[in-house]
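Take a look at the letters that make up each chain.
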4 protein chains.
Amino acid sequence: MRRALVHRIATTAPDDVSGLEAAIAAGRIDPAGIVAILGKTEGNGCVNDFTRAFAVSALEACLAKHLPGDAVAGIAMVMSGGTEGALSPHILVLEHRDLADEAGEGPALAIGVAHTGDMPPEHLGRMGQVWLVAEGVAKAMHQAGIEDPADVHFVQIKCPLLTAERIAGAEARGETTATRDTLKSMGLSRGASALGVALALGEIEAHAMSDTAIGRDVSLWSGRASASAGVELQNHEIVVLGMSRAWSGPLAIDHAVMADGIDVEPVRAALARLGFAADGQLSQDERGRLVALLAKAEPGSTGRLRGARHTMLDDSDISATRHARAFTGGALAGLTGLTELFVSGGAEHQGPDGGGPVAVIAHRAEGRR
Amino acid sequence: MRRALVHRIATTAPDDVSGLEAAIAAGRIDPAGIVAILGKTEGNGCVNDFTRAFAVSALEACLAKHLPGDAVAGIAMVMSGGTEGALSPHILVLEHRDLADEAGEGPALAIGVAHTGDMPPEHLGRMGQVWLVAEGVAKAMHQAGIEDPADVHFVQIKCPLLTAERIAGAEARGETTATRDTLKSMGLSRGASALGVALALGEIEAHAMSDTAIGRDVSLWSGRASASAGVELQNHEIVVLGMSRAWSGPLAIDHAVMADGIDVEPVRAALARLGFAADGQLSQDERGRLVALLAKAEPGSTGRLRGARHTMLDDSDISATRHARAFTGGALAGLTGLTELFVSGGAEHQGPDGGGPVAVIAHRAEGRR
Amino acid sequence: MRRALVHRIATTAPDDVSGLEAAIAAGRIDPAGIVAILGKTEGNGCVNDFTRAFAVSALEACLAKHLPGDAVAGIAMVMSGGTEGALSPHILVLEHRDLADEAGEGPALAIGVAHTGDMPPEHLGRMGQVWLVAEGVAKAMHQAGIEDPADVHFVQIKCPLLTAERIAGAEARGETTATRDTLKSMGLSRGASALGVALALGEIEAHAMSDTAIGRDVSLWSGRASASAGVELQNHEIVVLGMSRAWSGPLAIDHAVMADGIDVEPVRAALARLGFAADGQLSQDERGRLVALLAKAEPGSTGRLRGARHTMLDDSDISATRHARAFTGGALAGLTGLTELFVSGGAEHQGPDGGGPVAVIAHRAEGRR
Amino acid sequence: MRRALVHRIATTAPDDVSGLEAAIAAGRIDPAGIVAILGKTEGNGCVNDFTRAFAVSALEACLAKHLPGDAVAGIAMVMSGGTEGALSPHILVLEHRDLADEAGEGPALAIGVAHTGDMPPEHLGRMGQVWLVAEGVAKAMHQAGIEDPADVHFVQIKCPLLTAERIAGAEARGETTATRDTLKSMGLSRGASALGVALALGEIEAHAMSDTAIGRDVSLWSGRASASAGVELQNHEIVVLGMSRAWSGPLAIDHAVMADGIDVEPVRAALARLGFAADGQLSQDERGRLVALLAKAEPGSTGRLRGARHTMLDDSDISATRHARAFTGGALAGLTGLTELFVSGGAEHQGPDGGGPVAVIAHRAEGRR
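Criteria and thresholds
Residues numbered from 1 in each chain as written. Chains lettered and ligands numbered in written order. Predicted model: local features only at pLDDT ≥ 70, side-chain atom pairs only at ≥ 80, totals over all residues. Heavy atoms only, no water. UniProt positions renumbered as here; feature names shortened; annotations may be inferred. Least-squares fit on C-alpha atoms with pLDDT ≥ 70 in both. Contact = heavy atoms within 4.5 Å. Helix = DSSP H or I, 4+ residues; strand = E, 2+ residues; numbered from the N terminus. Phe/Tyr/Trp six-rings, centres within 6.5 Å; stacked < 30°, edge-to-face > 60°. Buried < 20%, exposed > 50% of the residue type's maximum accessible area, 1.4 Å probe, protein only. Lys NZ or Arg CZ within 6 Å of the ring centre and 35° of its normal. Polar contact = N/O pair within 3.5 Å; in protein donor to acceptor, adjacent residues only side chain to side chain. Domains from an automatic or database assignment. Buried area = accessible area lost by both parts, 1.4 Å probe. Salt bridge = Lys/Arg side-chain N within 4 Å of Asp/Glu carboxyl O.

By the naming in an unreviewed UniProt entry, chain A is Cyanuric acid amidohydrolase, taken from Jiella avicenniae. Under the Sequence similarities (unreviewed entry) heading, UniProt states for chain A: "Belongs to the cyclic amide hydrolase (CyAH) family." Of the comments in the UniProt record for chain A, the one headed Catalytic activity (unreviewed entry) reads "cyanurate + H2O = 1-carboxybiuret + H(+)".

And the structure:
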């Protein structure tokens, strides 16, 4: 049997690794078992957000003290910028332990990780990216020991973006990129990545997708994809989370799809399925069992939410992705009582227009085995 | 008997008065009965937010077609800038109808309005402002026919702020202002106004307050004050909302105090007292009975919420007031299912540190009389 | 003979018309002669900049006291948002006086104004807009009495933009708009307007332009166009400035084209042609003769200026147009010693990539006739 | 004789050290000789600007490959965030070479570096900080071999700031800090540091300073101090630049004081003293001799520049320091034709109100010895 552990650690700055160091020193985390680290950092979550790369740089330097270089390079690091409102910067360390000698009882949380090769900038936001990601998701499922796509509850992807430099590079090679707007490139990259997940999980068939649909046809979406774009990579890091009988342990995962930015009832239902009372805000006691909540947030493209106008898309001072993270972050914090939530902005093709997928990882109700 | 009506009207821009015009034309609103208009506009809610003045200018021009000039000037107009996240721009038109011939049955929502005289900039954020506001609140209570401060559920105040010009003016007269930081002046003005409410309602006694406590001693707060600062006035506009046996009609008001930015359970309890089921998000049907929700939001001064770090106070790109409105707005929208909420930022001395007062106005459950 | 007057009046807020009122009261401005008002207001200059509409609303209300309604409606009002850095909010009132009895001596500054009809949103940023504007420029030249396009030194255009609402409206009619990104729509509208000027002035021939070239082919540009986009109109207001023998008076105009955002030497040469010493910064005395400077600023699309990287295009906190206005505004203020400059952002197809046209209006050297 | 070298190296991101690596690999820079690195990074230059720390982290990692740890720690690293407008991110590597065997001819550019001890947060912005810095400046002068304060042309200081955490820490110890506003703390720290320079250079005597004057009395200023605040340190790094007969080589330094944000003529005069023609913008050829320009920029506290209103202090969307850097950066780029300028914001007590000191380092006119 295998066992997945998820450690939620608060950070005091993008490069704060003191909590991780302490957990390793105390033996709570075995560095050799770390397969992925997801993190919320306090940058703007947009093009010029260097807090993500700074966090990755600090995490790599920290882990390099405990692991050989290629082992560090094999760990998927998915930093998502933007802790608007009272969202709280933290990392989620995903650890995998082999328990050859333990019987254990499945199913339980299972984790798989894959990296794609580097992608040329001109593939970004096009079918080339969709196929590349779909292949990576299949690899990560295989690694996790999950065969049935229905057992996948969340796929977190870190994908690249375009910068002025990269666009110029592509154009120097005679290629055109899907956009020359760097901020917009983040959305296209997230969208194509999400469609890659939908393709891999059988949510949408390939023939229903096309270059022109990406970033435009909001009826195409995955209910389990979550993508973050970052300037610090040119490939994709893919983390698949699901339930598998090959894994045991105290953790379970479930997911929900919010139909809009305040549609918390499906999340409440997912919490109930995981054994939480969830009538009203989670009690302090129940919050202790809530290990991680991962959600996507975005402003609906219609400029309306339940018929009422919102101003996110017309605000030239604050990026709409920042507005959406803050607002949906607030709705989810109101539901759970927790602010260390992995709410990430930009939900293109991730859930319906204006909504998004949410995953919940929890200790099972009957105790923390 | 008197009757209070509250009309919630969506706006498509700060100067959009078409909804108000239509309601007047259709006879739903009698211009002569309007005592106050509260509005959320889509500016930044900070110093250089001209959407508030623009809205007031448009509302005045609209009403001037129906009312004599001094009647327009007597209407309290409290625009609050900032519809972060999916908060939706709207106005709340408060109307007062005399029903001499109707029996009616109280108690019901009661409204009182008062204006203070102009305040010299050097009084802003000091006891001079506290006393001025307290006197205004007493006047507005008297006008509303409310004698017992316990029957007051909300006091909305529009207060002035300092600009570079006003500071220079005061200094030219040999005076010093409480601050030379214009953004900070908004907080001091809101704080002193809130303490004026606390003084008038007997929540805090005068000897417990001082110039130095204003903006500093977070243990001093009113549970029913809500203040917004705007560049467009130099006096205070005060609107008292409460319950009174001298008023009848279908509307009732109650209030709650949030202990922090996601503390929605007291608001749920207030909703329950007003007859809402309120287990989970309000149903679409119940939302129809929710006339208005008015709340204050602010980042806690400790930099933490329930122990978890937030980054609002250290963000130099987005004002902390904008973060807080978005986040608490999201929490309240998650609770109510509604985004036309009057969430206003800057809750200095309005509710406990990091939290704030919330008022709910609703049609009574037994039907919409 | 006709005479053009240009009055530069500082404002203390977007809706401040006290300076205009005072000039009218003192007889310095004859309201009946006003043909156009250009203004810099202190908003963000982007989609949600309501300071422009607020200024227009205040100017119209002010002028309505002196003129019949249709006369007010005939005055072109071109507000440009954004006074970044130390750029100073002001208005330029362009007045036209008929001097039937005066001999006068030309040539001198000549002004012509035209309005186009409303444009459907789906024409924005496409050839439909180019033709519409070209026709309007021809009309304005005719009105100014300028026949030779070489005598035109500046064409200021106020053009519309897309909002979420307008895009939805077009899509409801089965049309697609050139973009669904509201901020981007401002650039496309400015660009198509500039190409309309280039077409009218014979700078570029029609067959060299196309829908796909608009906003993309930076080799197409006018050296005399300046366009500002605003949410407050759906048509175009066009002001042509040039030299004409049919006009006399103390004012003259010349223009220059900056090759990049700091290319001040061509502007220095234009100043010299107008009789300024212009070695080093203009002296205080010389500054008194400088009536108005109108310039366009934009970040170069290559992400570089003279080979050095700039970060404007990758900044998701501050719009690139704001950066460019501040920086080029600083360069021009360093040259002239003046901060009441009409520097407007977004120079798509207005001057070469990264540069822009500049017009200078001055009292002639020999005194202020 | 000693020789100072200054290497200006463009960067493509905050953590880009490839240019430094290449210069070391090519032998142009001897790592052992590096005494200081000044850099402009592309963050917001305010509280939550992590690009500075990220740059320092990358530079330290790079140099650690070439130098022992304590040698790296001894190098002053002064990153200044904010490349608004077209200012271009770059580093200035200051190198010191001992030329025991060369005769050389002085005077030439001389460099001295010192670090103070850690400062408790409650000293920030008070006389405790002034004295600490003055002592450090004296040490750095001694190290540079400069005895006469008149030979000092620039003192660059990196100083700490307050964060919510640090304020809480001080308060937990029963201390109060000079402010609880983290952005404001940056200004107080810069101001007190500048007064420390003024004290050390004899520009102002100690008895003329006081806790209350810091950040308030704008008549107190140093004409040669430049301070940048950063979250990444709790002590001060001090770099003194001047002319000394103990140093030889091709480089010279001079300085000027701008009276306001566009007062470029004193800088032009300094350029002339260094042998530049400087009538009009520097020619491309002359620009090749301009090694570095270091300047401070700030919005004047009066809200006016040469009598014209600016809006920097009332803008709640963009920090006034960002506005000022962009605008004065543009003025200086217009003068020099160069955008790789070390323009740093926040000039409290650094130059007169609204102005600031400027230093120019150049290769001597007669060739690049």
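On we go.
J.: Residues and numbers for the relation of the copies chain A and chain B, please.
T.: With an RMSD of 0.0 Å, chain A superimposes on chain B once it is rotated by 180 degrees and translated 0.0 Å along the axis. With respect to symmetry, the two chain copies, as superposed, fit the operation of a two-fold axis. Same-surface contact between copies: 100% of interface residues of chain A are shared with the interface of chain B.

J.: Outline the UniProt feature "active site" (unreviewed entry) in chain A, listing residues and values.
T.: Residues and elements named next belong to chain A. Look at the UniProt record and you will see "active site" (unreviewed entry) annotated at Lys 158 and Ser 228. Spanning 71 residues, the named residues form one tight spatial group whose C-alpha atoms are at most 5.0 Å apart. Relative to the helices and strands, Ser 228 resides in strand S7 (residues 225-229). Excluding residues that lie within four positions of it along the chain, Ser 228 makes contacts with Met 79, Ser 80, Gln 156, Ile 157, Lys 158, Cys 159, Arg 190, Lys 296 and Ser 344.

J.: Before we move on, could you go through the packing of aromatic side chains and cite the residues and values that matter?
T.: Overall, the coordinates contain two aromatic pairs over all chains when judged by the stated rule. Relative to D:Phe54, the ring of A:Phe54 lies with its centre 4.7 Å away and its plane at 35 degrees, an arrangement referred to as tilted. Pair noted here: A:Phe54 is in helix H2 (residues 51-63) and D:Phe54 is in helix H2 (residues 51-63), and the two residues belong to different chains. Since its relative accessible area comes to 3%, A:Phe54 is described here as buried. For A:Arg289, the ring lying beneath its charged end belongs to A:Phe276, and the centroid distance is 4.0 Å.

J.: Summarise the UniProt feature "binding site: substrate" (unreviewed entry) in chain A; cite the residues concerned and give the values.
T.: Mapped onto this numbering, the UniProt entry annotates "binding site: substrate" (unreviewed entry) at A:Arg52, A:Ser80, A:Gly81, A:Arg190, A:Ser228, A:Ala229, A:Arg325, A:Ser344 and A:Gly345. A polar contact of 3.3 Å, which involves the side chain of A:Arg52, links it to the backbone oxygen of A:Asp49.

J.: Give me the lowdown on the domain arrangement of chain A, citing residues and values where you can.
T.: All names here are of chain A. Partitioning chain A into domains gives domain 1 (1-101), domain 2 (104-249) and domain 3 (250-363). Facing 25 residues of domain 1, the contacting portion of domain 2 comprises 30 residues. Roughly 2000 Å² of surface becomes buried between domain 1 and domain 2 when both sides are summed, with 67% attributable to carbon and sulfur atoms. It is Met 1, Arg 2 and Val 47 that lose the most area in domain 1 upon contact with domain 2, and together they represent 32% of the buried surface on that side. Between domain 1 and domain 2 we count zero salt bridges in total. Scanning the region where domain 1 abuts domain 2 turns up seven residue pairs in polar contact (both at pLDDT 80 or more). Contributions of two or more residues to the side of domain 1 that touches domain 2 are made by strand S1 (2-10), strand S2 (34-41), H2, strand S3 (76-81) and strand S4 (90-98). For the side of domain 1 that touches domain 2, the element with the highest residue contribution is S3, accounting for five residues.

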